[in-house]
Protein chains: 2
Amino acid sequence: MSAKPLRQVKIADQVVGELQVWFRSGELTAGMRLPPERELAAQFGVSRTSLRDALRRLELLGYLDARQGDGTYVRVPDGDALSQPFRNLVNTLPHNAADLLEFRMLIEPEVAALAATRLTGEGRAALLGSLKRQRALPDNGPRLGHEDALFHDVLAQVAGNMVVLRVLETLRDLLRDVRTISLPAAGSRRTVSEHERIIQAVLAQDRDGARQAMREHLEDVTRTYQDAVWRRDHTDQLALQRPG
Amino acid sequence: MSAKPLRQVKIADQVVGELQVWFRSGELTAGMRLPPERELAAQFGVSRTSLRDALRRLELLGYLDARQGDGTYVRVPDGDALSQPFRNLVNTLPHNAADLLEFRMLIEPEVAALAATRLTGEGRAALLGSLKRQRALPDNGPRLGHEDALFHDVLAQVAGNMVVLRVLETLRDLLRDVRTISLPAAGSRRTVSEHERIIQAVLAQDRDGARQAMREHLEDVTRTYQDAVWRRDHTDQLALQRPG
DNA sequence: CCGGTCCAGTGGTCGGACCAATCGATCCCA
DNA sequence: TGGGATCGATTGGTCCGACCACTGGACCGG
């Protein structure tokens, strides 16, 4: 006679509910360590499987942080968790390099502009450190790609929006072909000098300058990439005709 | 000596990645049933535990629907499914809502600018149709939110970038509650007139004007939202002091 | 042709075992 | 005595095999 459950309530769901109640009671505050899984499972009267299921969900939503060999800690969800719908979306969508590149070109100049307005002492130090490491790089060495990614990451961090930071990371990951092709073609000297221009503008808190520098940098990367691809496709044709 | 892995990569994470590859290959379409868990686990060479872990994550994000006794089905996440797990997160932690609003403010002005440069006959018709419907709306009726979402969708469609379109859609879903707060506060007249200004700029293929109009519109929305929240929180305080 | 029954297959739950990472106490040596 | 290496207990991560709960469809009887 009562409402029929359209969806069988899973045990993990109930546990999630109980844990949320526990959270809201204020008894659990950020940084605290939860009891061990085996203990919690016994306490709730469920198997460790179901208990873990509940914990994983809360972890995915950013409320928990499980560390192997240590414990599970309470934390307050930040943009890291919120970025997941976007990351999954981009990862699931059919890959279209043009759309992804354009998307990045929409976002990142604004990120540079934001960074210029939100520069802190830490941010200044991080940017200078990145610049120093980039300058010390050997020409076209294998670490250029890594430092390049790191630079963009630091910049997004200075901008202070975790969601945007993670989304940009995902975009870069999906566009790694672009990087491996266009970076060597551009050469580390050119890349680093373009980065330097961006950094200088941010350090000067020149909002428009930072945006413009980043825009030109990305346009340059895109152009180099397209040229390199065009050249590769055409030399491939020639290579087939040559021995070796 | 090499980079230290800050986060141990879990098996379920890898499986999620492989499933995402499968998704975007187009081989899996909505409504399809996945192979049984036992079979999939064998196929990926992992235990059923880890495989289930991956499936549960994709289920939480709205990409899968598991039915006991039947099977696990592929689905395209609608706004509800996608935003529901995260809605609490947005509503209870203002910092997260701010990140999302800022993210939107980064993207959408550029989308408006893009739309202005890529306007086609179809796009013109769609925008005019949207404007007409918006004008015919009763003041603060229930359909205002719907038409508002539709307007932004049409605009992104005119801009012609599928990735950006879907990202903005997700953003709006996550911010749904924000909209229900700020829209009535602004009133439909003001909202529609701001939309109209954007549409006019796009129709005139005025790139900078469209960007600027959208930026001001979003700033207005954000300000209205913050005011409304501030007022709500403070009237809550007063309500506590009053009887009833 | 209809309705009920039964059964194979599927996701959900369980318990136990072992692996792997971490922390901290302990021990050893300079 | 101080510092560093070692080892063990603890904890989350993974695997396995079994069983439960539910569903859809085949089968059967009227």
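A few points on the structure. (Residues numbered from 1 in each chain as written. Chains lettered and ligands numbered in written order. Predicted model: local features only at pLDDT ≥ 70, side-chain atom pairs only at ≥ 80, totals over all residues. Heavy atoms only, no water.)

Let's talk about the protein's contact with DNA strand D
Around DNA strand D, a shell composed of 22 residues is seen, among which A:Arg48, A:Gln68, B:Ile11, B:Ser47 and B:Ser50 lie nearest. Looking at DNA strand D alone, sugar and phosphate atoms form 62% of those within 4 Å of the protein. Between DNA strand D and the protein, one listed contact pairs a phosphate oxygen with a side-chain N or O atom of A:Thr72 at 3.4 Å. Note that a phosphate oxygen of DNA strand D is positioned 2.4 Å from one of the side-chain N or O atoms of B:Ser50. For the surface near DNA strand D, the secondary-structure elements that each account for two or more residues are helix H2 (37–44), helix H3 (48–60), strand S1 (64–67) and strand S2 (71–74) of chain A together with helix H3 (48–60) of chain B. Here the surface near DNA strand D is built from residues that sort into three nonpolar, 10 polar and nine charged. (Near = heavy atom within 4 Å. Polar contact = N/O pair within 3.5 Å; in protein donor to acceptor, adjacent residues only side chain to side chain. Helix = DSSP H or I, 4+ residues; strand = E, 2+ residues; numbered from the N terminus. Nonpolar A, V, L, I, M, F, W, Y, C, P; charged D, E, K, R; others polar.)

Some points on the layout of surface pockets
Roughly 1,000 Å³ of internal volume is contained in the second largest pocket. Within the residue set of the lining of the second largest pocket, elements represented by two or more residues are helix H1 (11–24) and H3 of chain A together with helix H1 (11–24), H3, strand S1 (64–67) and strand S2 (71–74) of chain B. Sorting elements by how many residues they give to the lining of the second largest pocket places H3(B) first, with eight residues. A class-by-class count of the residues in the lining of the second largest pocket yields 11 nonpolar, nine polar and 16 charged. (1 Å grid on protein atoms, 1.4 Å probe; cavity = no way out; pocket = protein on both sides within 12 Å on 5 of 7 lines; lining within 4 Å. Points joined across faces, edges and corners; volume = space filled by probe spheres on them.)

Remarks on the protein's contact with DNA strand C
The local shell around DNA strand C holds 23 residues, among which A:Ile11, A:Ser47, A:Ser50, B:Glu37 and B:Arg48 are the closest. Counting only atoms of DNA strand C within 4 Å of the protein, the sugar-phosphate share comes to 64%. Here A:Arg48 contributes a side-chain N or O atom positioned 3.5 Å from a base nitrogen of DNA strand C. In this structure, B:Arg52 approaches DNA strand C through a side-chain N or O atom, which is 2.9 Å from a phosphate oxygen. Elements represented by at least two residues in the surface near DNA strand C include exactly H3 of chain A together with helix H2 (37–44), H3, S1 and S2 of chain B. Per element, the largest residue contribution to the surface near DNA strand C is three residues, and it comes from H3(A). When the residues that make up the surface near DNA strand C are grouped by side-chain class, the tally is three nonpolar, 10 polar and 10 charged.

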